[in-house]
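As a plain string of letters, each chain reads:
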Amino acid sequence: MEARQRLVTLAELKERAAAAAPARDAWTALGGASASRGELKVIAEIKRRSPSKGDLASIADPASLAVQYAEGGASAISVLTEQRRFNGSLADFDAVRAAVDTPLLRKDFMIDEYQIWEARAHGADLILLIVASLSDAQLGEFSALSRELGMNVLVETHTAEEIERAVAAEARIIGVNVRNLKTLDVDRSVFAELAGGIPAGALVIAESGVRGVDDVRHYAANGANAVLVGEALVSDATPRERIAEFMAAGAEAIAARS
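Description of the structure in this document.

## Here we look at the overall build of the chain
Stage number 1. Across its full length, the chain holds 12 helices and 10 strands.
Stage number 2. The principal-axis extents of the C-alpha atoms in the chain amount to approximately 50 × 40 × 40 Å.
Stage number 3. Scored against the burial criterion, the 258 residues of the chain give a buried share of 53%.
Stage number 4. Expressed as a percentage of contacts within the chain between residues at least 6 apart in sequence, the contacts between residues at least 24 apart total 66%.
Stage number 5. Of the roughly 11200 Å² of accessible surface on the chain, 50% is carried by carbon and sulfur atoms.
Stage number 6. Each charge class in the chain was averaged separately, 28 positive and 37 negative side chains, and the resulting centres sit 2 Å apart.

Structure (structure tokens):
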């Protein structure tokens, strides 16, 4: 971030953000409208590598992959922009933004308001705020700034205490990440317990651990409105078809629980 700040000042970013097209409505796209609450939405992720699994896919053309995601029915597309651990970039984000009209999530470790202005300047509609890496003051300030810029916020939690903090910050889209940040292990069983602590008016996003339709059914049956899927899609030769499968399986599970 400091390297980018030397190239583009905050004042320049604010000018670019003001000139950017208005943010798309990620809240409605992810099921915020009551009419679509019986569907399971998919946030499809463009992700080359991860600290837990190493290299996942080369993804020479992120724009082409994004088009496949959109054609498959993804309600939002997540683009990793963190370079050192995930081999992502804002160049990837720009390429995807130019290729699809789907709401885009800038997925990064947001620790400074500069990154939020930067996200909007590059056309982001949704940003990620990780409760574990922010103070309550930062969480509130960054959420408020994002809303002022027209963006929605996906607030990521890992524990019941973090969910309480997210709710206190008036989060409307709350992610439950079942990956332990210290060990990087995934425990899908914790989702149901944690999701139960999220208020009924919020959207619940299941993060991590989607390997196939059984995992999607599990999350949908236990309260997920959407699933965020990376590895299972970037490592699949037919991501378009896989998204459709996930959506169908999720809708069945939601129908069964209602």
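## Regarding the nonpolar core
Stage number 1. If you look at the biggest cluster of nonpolar residues, it comprises 66 residues, and the most contacted ones within it are Ile46, Tyr69, Ile77 and Phe191.
Stage number 2. If you tally residues by element for this core, the top one is helix α6 (residues 113–121), at five residues.
Stage number 3. The contact partners of Tyr69, leaving out residues within four places of it in the chain, are Ala44, Glu45, Ile46, Ala74, Ile77, Leu233, Val234, Pro239 and Ile243.
Stage number 4. Counting 15 residues, the second largest nonpolar core, distinct from the first, contains Ala76, Leu105, Leu126 and Leu203.

## A look at the layout of surface pockets
Picture a little ball the size of a water molecule; that probe, rolled over the atoms, points out where space is still empty.
Stage number 1. In this structure, the largest pocket encloses a volume near 790 Å³.
Stage number 2. What lines the largest pocket is a set of 35 residues, among which Lys47, Phe86, Asn177, Arg179 and Ser208 lie closest to the centre.
Stage number 3. The set of elements that each furnish at least two residues to the lining of the largest pocket consists of β6 (126–130), β10 (226–229) and α11 (231–234).
Stage number 4. For the lining of the largest pocket, a count of residues per class yields 15 nonpolar, eight polar and 12 charged.

## Thoughts on the sheet that holds strand β8 (residues 173–177)
Stage number 1. Taken together, eight strands build a closed barrel; the order of strands is β1-β4-β5-β6-β7-β8-β9-β10 and the barrel is parallel. Across this sheet, the average inter-strand angle for adjacent strands is 25°, counted without regard to direction.
Stage number 2. The pairing of β8 with strand β9 (residues 203–207) spans five bridges and is parallel. Across the sheet, Gly175 pairs through a bridge with Ile205, a residue of β9.
Stage number 3. Against the sheet, helix α8 (residues 160–168) engages β7 (152–157) and β8, with an angle of about 160° to β7.

## A few points about the side chain of Asp125
Stage number 1. The topology assignment puts Asp125 in the loop between α6 and β6.
Stage number 2. Sequence-distant contacts of Asp125, defined by excluding residues within four places in its chain, comprise Ala23, Arg24, Ala26, Arg97, Thr102, Pro103, Leu104, Arg120, Met151 and Asn152.

## With respect to the packing of aromatic side chains
Stage number 1. This model, assessed by the stated rule, comprises two aromatic pairs.
Stage number 2. Geometrically, the ring pair formed by Phe191 and Tyr219 is edge-to-face, given 5.0 Å between the ring centres and 65° between the ring planes. Taken together, the positions of Phe191 in helix α9 (residues 190–195) and Tyr219 in helix α10 (residues 213–221) put the pair 28 residues apart, joining distant regions of the chain. No difference in accessibility class separates Phe191 from Tyr219, as the two residues are buried.
Stage number 3. We note Arg85 situated over the ring of Phe109; from NZ or CZ to the ring centre the distance is 5.8 Å.
Stage number 4. Between the NZ or CZ atom of Arg172 and the centre of the ring of Trp27, over which it lies, the distance is 3.9 Å.

Definitions and limits used
- Along each chain, residue indices are assigned from 1 in the same order as the chain's sequence is written.
- Only residues with pLDDT of at least 70 are given local features in this predicted model, and only at 80 or more are side-chain atom pairs given and counted; all residues enter the totals for whole chains, interfaces and linings.
- Excluded from the side-chain calculation are hydrogens and water; included are all heavy atoms of the structure.
- Only DSSP runs of H or I reaching four residues or more are called helices, and only runs of E reaching two or more are called strands; each is numbered from the N terminus.
- Note on exposure labels: buried denotes an accessible area under 20% of the residue type's maximum, exposed denotes more than 50%, and partly exposed covers the range between, all computed with a 1.4 Å probe on protein chains only.
- Should any heavy atoms of two residues lie within 4.5 Å, those residues are considered in contact.
- Only the protein chains shown count as cover for residues, and the accessible areas themselves come from Shrake-Rupley with a 1.4 Å probe.
- Only four residue types enter the tally: Lys and Arg on the positive side, Asp and Glu on the negative side; His and the chain ends are excluded.
- Where a charge lies is defined by one atom per residue type, namely NZ (Lys), CZ (Arg), CG (Asp) and CD (Glu).
- Nine residue types can take part in a nonpolar core, namely buried Ala, Val, Leu, Ile, Met, Phe, Trp, Tyr and Cys, and a core is a set of them joined through side-chain atoms within 4.5 Å.
- A cavity, in this analysis, means grid points on a 1 Å lattice covering only the protein atoms where a 1.4 Å probe fits yet has no way out; a pocket is instead an open set bounded by protein on both sides within 12 Å along at least five of seven lines, and a residue lines either one if it has an atom within 4 Å of a point.
- Grid points are joined across faces, edges and corners, and a volume is the space filled by probe spheres set on the points.
- When residues are sorted by character, Ala, Val, Leu, Ile, Met, Phe, Trp, Tyr, Cys and Pro go into the nonpolar class, Asp, Glu, Lys and Arg into the charged class, and all the rest, Gly among them, into the polar class.
- Pairing between strands is defined by DSSP: at least two bridges between them are needed.
- Angles run from 0 to 180 degrees between N-to-C directions of axes, and those axes are lines fitted to C-alpha atoms, restricted for helices to the stretch in contact.
- Only Phe, Tyr and Trp rings take part, Trp by its six-membered ring, and two of them pair if their centres are within 6.5 Å. Stacked means planes under 30 degrees apart, edge-to-face means over 60, and tilted covers everything else.
- Whether a charge sits over a ring comes down to the Lys NZ or Arg CZ being within 6 Å of the ring centre and within 35 degrees of the ring normal.

On their own, these measurements won't tell you what the molecule is for.
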